[in-house]
Amino acid sequence: MSEICLKGRDYIETQDFSAAEIDHLLATAADLKAAFHRGEHKLVLPNQTVYLLFFDNSTRTRNAFEAGATQLGAHAHFLDSRATQIAHGETAYDTGRILGSMGHGIAIRHDLILEEGNKYMREVARGTDVPVINMQCDVDHPTQTLADLMTIREHFGNNVRGKKIAVSWAYAPSYAKPLSVPQGLITLMTRMGLDVTLAHPPGYRLVDRTLEAAKKNAAEAGGSFEIVDNMDAAFEDADIVYPKSWGIYDLMLEKRDAKSSAQIDKIEQECLKKNAEHKDWICDARRMKLAKKDAIYMHCLPADRGSEVTDEVIDGPQSVVFQEAENRLHTAKAIMACTMRERPFK
Ligand code: CP
């Protein structure tokens, strides 16, 4: 029986949790997954309420938390920030204090504006004692990366030290995607002792503090962290490839300071125009051959098919994206069960 108790803890960045605590969350997720597939109910959060506050769209995350809450005996209450008094300027602290006084957990997605989402969540957390769960911010997407690590362990076993993961930028024409998935990956995977290669074209750098954390984590865990500007080089001999698009850091900062929606649209268009200069950054069959024979292809989804990845790869035998997406459910449940439950789960 594990001594670890996460009751009341905020889950805002994986960096806030020890490796043993991450292991505990993943062991809980594995138990919940096995129970789910046996058709067993684990009603460990009866009559509890978790608020799901969204400042952005979602398919996987929202449904993992909504379905997950129901499966644990709780109620998930969906809140579109635009339909709340947040849109009229109510503060993060007051919002946290009020929702926390009525329920048992607050999960938030606030990912589109650099230097805002993470601060917002920590300010909500200052207003309440109930756990605040990060469903994606500008810094991290820790419910995604927990599911990613679960998927990697299911594939390679629990000891993933020394496995090479290529976290690469890829071309997408749809929108300037947040930086938080690659940032979350380089911080968590270095902590688990993987060899992490980050690849992106010039200009697509990540936030400094996550780069510094990745370097430090790698040194402490005995793995490695390197940055290259070549997708092929990153894929060379990789065990795991995780190519996805993200926005241009400097333009994302300009977007944060934009004064009108017309200005925001202009910046977005500029970003997409620059993305189009790198259409060759696609995960295709040729690139998959650069990785190890048994390498797996991962993506948090939604993927821009035909731009970030070819159908042949994402629908092919090396792709684990649907297993990865299902694991969002089991890890979301583990986070809620461990942080919201009266006694440790297990
Ligand atoms: N991967 C992910 O977070 O998906 P959604 O944006 O659909 O929640």
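Since the structure is predicted, the reported quantities are computational estimates derived from the model, not experimental observations.

> I'm lost on the domain arrangement of the protein chain in this one. Help?
Size of an interface, as often reported, equals the accessible area lost when the parts are brought together. Splitting the protein chain by domain gives domain 1 (14-140 + 327-340) and domain 2 (142-325). If you average the C-alpha positions of domain 1 and of domain 2, the two centres end up 23 Å apart. If you look at the interface, domain 1 gives 36 residues, while domain 2 gives 36 residues. A buried area of about 2,900 Å², summed over both sides, lies between domain 1 and domain 2, and 57% of it is on carbon and sulfur atoms. At the boundary of domain 1 and domain 2, one finds three salt bridges. For Arg 256, the salt bridge goes to Glu 115, with nearest N and O atoms at 2.4 Å. Residue classes in the side of domain 1 that touches domain 2 are distributed as 17 nonpolar, ten polar and nine charged.

> Looking at this structure, how should I read the environment of Leu 99?
With respect to the helices and strands, Leu 99 occurs in helix α3 (residues 92-102). Spatially, the C-alpha atoms of Leu 99 and Gly 127 are 9.3 Å apart, while their sequence positions differ by 28 residues. If we skip the residues at most four places from it in the chain, Leu 99 touches Tyr 51, Leu 79 and Ile 106.

> Sorry if this is basic, but what is going on with the sheet that holds strand β2 (residues 75-80) here?
In any sheet, the strands associate via hydrogen bonds between backbone groups, in a parallel or an antiparallel arrangement. With parallel pairing, four strands are arranged side by side in an open sheet as β2-β1-β3-β4. Where the open sheet ends on each side, the last strands, each with one partner, are β2 and β4 (132-134). Averaged over all pairs of adjacent strands, the angle between their axes in this sheet comes to 20°, without regard to strand direction. In this sheet, strand β3 (residues 105-109) lies alongside strand β1 (residues 49-54) in parallel orientation, the contact comprising five bridges. In the sheet register, Leu 53 faces β3, and the bridge partner there is Ile 108.

> Explain the layout of surface pockets here, please?
Vacant regions in the atomic arrangement are exposed by a probe of water-molecule size rolled over the atoms. The calculated volume of the largest pocket comes to roughly 380 Å³. Here the residues of the lining of the largest pocket sort into seven nonpolar, eight polar and seven charged. Approximately 280 Å³ is the volume attributed to the second largest pocket. Three or more residues apiece are contributed to the lining of the second largest pocket by two domains, here domain 1 (14-140 + 327-340) and domain 2 (142-325).

> Is there a simple way to explain the sheet that holds strand β8 (residues 240-244) in this structure?
If you walk across this open sheet you meet the five strands as β7-β6-β5-β8-β9, and the pairing is parallel. Of all the strands in the sheet, the pair left with one neighbour each is β7 (224-228) and β9 (296-297). Where β8 meets β9, two bridges bridge the pair, whose relative direction is parallel. Following the sheet pairing, Val 241 is matched in β9 by Tyr 297. With respect to the sheet, helix α7 (residues 208-221) is in contact with β6 (195-199) and β7, its orientation differing from that of β7 by roughly 140°.

> It is not clear to me how empty space enclosed by the protein should be interpreted in this structure. Could you clarify?
All chains considered together, the criterion is met by one cavity of 30 Å³ or more. Volume-wise, the largest cavity comes out at about 30 Å³. What lines the largest cavity is Asp 111, Leu 112, Leu 114, Asp 138, Pro 178, Leu 179 and Met 252. Viewed by domain, the lining of the largest cavity spans two of them, domain 1 (14-140 + 327-340) and domain 2 (142-325), each represented by three or more residues.

> Sorry if this is basic, but what is going on with the packing of helix α1 (residues 19-38) against helix α5 (residues 142-156) here?
Each pair of packed helices can be summarised by the angle the axes make with each other and by the distance between the axes. Contact geometry of α1 with α5 gives a least axis separation of 10 Å together with a crossing angle of 70°. Taken together, the axes of α1 and α5 lie roughly perpendicular to each other. Residues Ile 22, Asp 23, Leu 25, Leu 26, Ala 29, Ala 30 and Lys 33 of α1 form the contact with α5, whose own contacting residues are Leu 146, Leu 149, Met 150, Arg 153 and Glu 154. Its residues assigned to classes, the contact of α1 with α5 comprises eight nonpolar, no polar and four charged.

> Honestly, the nonpolar core in this entry has me stumped. Any pointers?
Generally speaking, soluble globular proteins have nonpolar side chains that are buried together. In terms of nonpolar packing, the biggest core is built from 93 residues, with Met 189, Tyr 297 and Met 336 touching the most fellow members. Shared between two domains, this core takes at least three residues from each, and those domains are domain 1 (14-140 + 327-340) and domain 2 (142-325). For Met 336, the residues in contact, after removing those within four places along its chain, are Leu 45, Val 50, Phe 65, Gly 68, Ala 69, Leu 72, Ile 133 and Arg 341. Among the nonpolar cores identified, the runner-up in size contains 17 residues, and Leu 53, Ile 108, Tyr 120 and Met 121 belong to it.

Reading guide: rules and limits
Sequence positions are assigned chain by chain, starting from 1 and proceeding in written order. Side-chain atom pairs in this predicted model are given and counted only at pLDDT of 80 or more, local residue features only at pLDDT of at least 70, and totals for whole chains, interfaces and linings cover all residues. Note that water and hydrogens are dropped before the side-chain values are worked out from all heavy atoms of the structure. Domain delimitation in this document rests on an assignment produced automatically or drawn from a domain database. Throughout, a contact is declared for two residues whenever any of their heavy atoms are within 4.5 Å. Buried area: the accessible surface (1.4 Å probe) lost by two parts on joining, summed over both. In the sections that follow, a salt bridge refers to a side-chain nitrogen of Lys or Arg positioned within 4 Å of a carboxyl oxygen of Asp or Glu. The residue classification treats Ala, Val, Leu, Ile, Met, Phe, Trp, Tyr, Cys and Pro as nonpolar and Asp, Glu, Lys and Arg as charged. All others, Gly included, are polar. The way it works is that DSSP assigns letters per residue, a run of H or I at least four long becomes a helix, a run of E at least two long becomes a strand, and they are numbered from the N terminus. Whether two strands pair comes down to DSSP finding at least two bridges between them. Helix axes are fitted to C-alpha atoms over the stretch in contact, other axes to C-alpha atoms as well, and angles between N-to-C directions run from 0 to 180 degrees. We place a 1 Å grid over just the protein atoms. Points where a 1.4 Å probe fits but has no way out form a cavity, open points with protein on both sides within 12 Å along at least 5 of 7 lines form a pocket, and any residue with an atom within 4 Å of a point lines it. Grid points are joined across faces, edges and corners, and a volume is the space filled by probe spheres set on the points. Should an angle lie under 35 degrees it is considered roughly parallel, over 145 roughly antiparallel, and from 65 to 115 roughly perpendicular; all remaining angles are considered oblique. By convention a nonpolar core is built from buried Ala, Val, Leu, Ile, Met, Phe, Trp, Tyr and Cys residues, the set being connected through side-chain atoms within 4.5 Å. Burial classes: relative accessible area under 20% of the type maximum marks a residue as buried, over 50% as exposed, and values in between as partly exposed (1.4 Å probe, protein chains only).

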